[in-house]
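Chains, contacts and geometry: an overview
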Amino acid sequence: MDKLSNLAKFKSTCPFLGRTKTSTLRTLCTSASPRFPTVSKLTEKATKCPVMGPALQIRSKQMVAGYASLAGSAEFAKIPEHQGIKPSAVDAQKCPHASKAIAAARMAEELAQAKKAKAAKAAAAAAAKPATAAPAACPFHATSASEAKPKAKTPGGFDYEKFYAEELEKKHKDASYRYFNNINRLANKFPIAHTGNVKDEVEVWCANDYLGMGNNPVVLETMHRTLDTYGHGAGGTRNIAGNTGMHLALEEELASLHRKPAALVFSSCYVANDATLATLGSKLPGCVYFSDSMNHASMIQGMRHSGAKRVIFKHNDLQDLEMKLAQYPKETPKIIAFESVYSMCGSVGPIKEICDLAEQYGALTFLDEVHAVGLYGPRGAGVAEHLDYDIHKAAGQSPDPIKGTIMDRIDIITGTLGKAYGAVGGYIAGSNDFVDMIRSYAAGFIFTTSLPPVNMAGARASISYQKEYNGDRQLKQLNVRDLKSRFEALDIPVIPGPSHIVPVLVGDPALARLASDTLLAKHNVYVQAINYPTVARGEERLRFTVTPGHNVEQIARLARAVDQTFTELGIKRTSDWAKLGGHAGVGVADPKDVKPVWSDEQLGLHDGTAPAVLHPGQKRVVDQRAVQVTREKFNDLLGPYVEPTAASPEVLKAELPLSAPLAASIPAAVAAASA
């Protein structure tokens, strides 16, 4: 990886660095050149500079010469064969010196190509234009003619570009500017990803693909079969392009998951929340929303768009909620909007108690299970299901409501397909008339292109698989416990919570960003900093998400990396916060006992049925029964699944459908996991 460099000290001497925004420099630093993959975009740009260009050429030659002297042919030939490295060109990459020499040579070659390309371009330009005197100064002193120039301000008009720049500068000054890293998760190596350079691999520790279903074999197999059958794209809105069989089947799967009469799929859960709350609030006469203070932005936006009154109650504070409910007549339409798992702090809403208050004061309940579906409950329906774990487990896959259960008492459930299910999209579930009203009135549903069949097929396959197999949920929770205990032993300040979220308090926006950069640059650990406005100022944090795909060595290595980073940057630990009286639940004098949502019994720790944690080299379990059940659900639309026949690679490539290699990987994955 092109390691992030401190370029600030050169801004005063290099005009290009001086006038280029920090965000732009960061992107150039961390993105590989599309033409020369071994160098960054910034390095490629520097080859055009009369100062840096020659310096880069000299340095690249020095690198090649230096590595060649360390790993010359004579020395390379003497490498002992018992080390597993034979002196051949094919195995040169196994030697660190030889591989670095090759990389240095490649970099030198591409720098030379960049220089030649620049020279050829300049020659062509010179031939096309009248001869002019060459500028003596650095070309970066003036804006390149090829660069886009801001639109000239109309005399007396508003300066829009200045406004944009000033707004961005505010974000930079308070350290809340958001940086997006180039991270590309690898299906065959999850939780490994590569950066802008495809050869530069890092471990992902903050993805919301909580269960790694984005690369589950039966999900990918189903998507390939759907792509071959229905192609790519939805063709428009559902009103124009029509309701496909995949739409209807996915909504039936979701309704069954939550044991509700109906469900409706949206392009995302942000849209689902916004459209549903905006529609309800605008249609219910005199509606009043009661909103938890830590609700997601999509819920807040939907309530604002409705025009209805919004009353905010303190986070998870039942006494405050009841006091505010009591101020309105029982006949006034009311909706209590809250979440099951709050994703930035890891707290869990008091669902049962809020249902009690809703019934007492005549309110509807709107529960966002976005960070819980797939992760809680015996079938993955969320925390509402998990609270009646044994009852729902005994009911199996029946779609019928179970009267008196907490999930049945919730009026409206919203969830996502883009987190634990590893797909994309969002949905609502509730009564038939409620869902039909939203379908008929919500602009965010009516006027939006629907999800393509391939995405819906993948989402449905993921939901089906997770309804049948509990092991991924259990293993994830075991890994979460492991990481939290390691952090606690190292005095790393984890904000306490009963869920799978592992938020580590930093308390400073610049330090949080620097910690994220340091972990990526020095330890190949990718975790994003969470700053304002996502969290309150002074509560900036790193938010770690552990998956069932992380092995014990990766978890141990992460804990050591975070420990070293906290020491290097002088970030406060739990004991430091305790000396200050505590903050954000960390280091408080009388901490409350936090009981995990998943009990030891539910994890299989009492009866020995808990899934085994992974060790380096081991593959994840792929449950064959869940695979078979999932395949059969697509028989009506895709036809029965046919196992690939044994054949040579050439025959497979020529005759079998695209899904065959993925399908073949399922029994192989099961065999590898049980070996």
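In this text, all values refer to a predicted model and were calculated from it rather than measured experimentally.

As for the packing of aromatic side chains
Considering all chains together, one arrives at 9 aromatic pairs under this definition. Note on Tyr389 and Trp598: the rings are 5.8 Å apart at their centroids and 70° apart in plane angle, and the pair reads as edge-to-face. Here Tyr389 is found in helix α16 (residues 389-395), whereas its partner Trp598 is found in the loop between α24 (574-579) and α25 (624-633), with 209 residues between them in sequence. Counting every residue linked through ring pairs, the aromatic cluster contains Phe158, Tyr160, Phe163 and Tyr164. Directly above the ring of Phe634 sits Arg460, whose terminal nitrogen or CZ lies 4.7 Å from the centroid. Cation over ring: Arg631 sits above Tyr641, and NZ or CZ is 3.8 Å from the ring centre.

Considerations on the pairing of strand β5 (residues 288-292)
Counting buried residues in β5 gives 5 out of 5 residues, a clear majority hidden from the surface. Residues Val288, Phe290 and Asp292 point to one face of β5 and Tyr289 and Ser291 to the other, with burial holding for every one of them. Bridge count between β5 and strand β6 (residues 309-313): 5 bridges; the pairing is parallel. From the neighbouring strand, Tyr289 faces β6, where its bridge partner is Arg310. Crossover handedness for the path β5 to helix α12 (residues 297-306) to β6: right-handed. When β5 meets strand β7 (residues 334-339), the two strands line up parallel, connected through 4 bridges. In the strand pairing of β7, Phe290 is matched with Ile336.

Quick word on helix α21 (residues 471-489)
Taking 1.5 Å of rise per residue, 19 residues should cover 27 Å, and α21 covers 27 Å from first to last C-alpha, within 8% of that figure. In terms of burial, α21 is a largely internal element, 14 of the 19 residues being buried. Just past α21, the residue Asp491 takes up positive phi, approximately 65°.

Rules behind the numbers
Residues numbered from 1 in each chain as written. Predicted model: local features only at pLDDT ≥ 70, side-chain atom pairs only at ≥ 80, totals over all residues. Heavy atoms only, no water. Phe/Tyr/Trp six-rings, centres within 6.5 Å; stacked < 30°, edge-to-face > 60°. Helix = DSSP H or I, 4+ residues; strand = E, 2+ residues; numbered from the N terminus. Lys NZ or Arg CZ within 6 Å of the ring centre and 35° of its normal. Buried < 20%, exposed > 50% of the residue type's maximum accessible area, 1.4 Å probe, protein only. Pairing = 2+ DSSP bridges. Right-handed = clockwise from strand over helix to strand, strands pointing away. Expected span 1.5 Å × (residues − 1).

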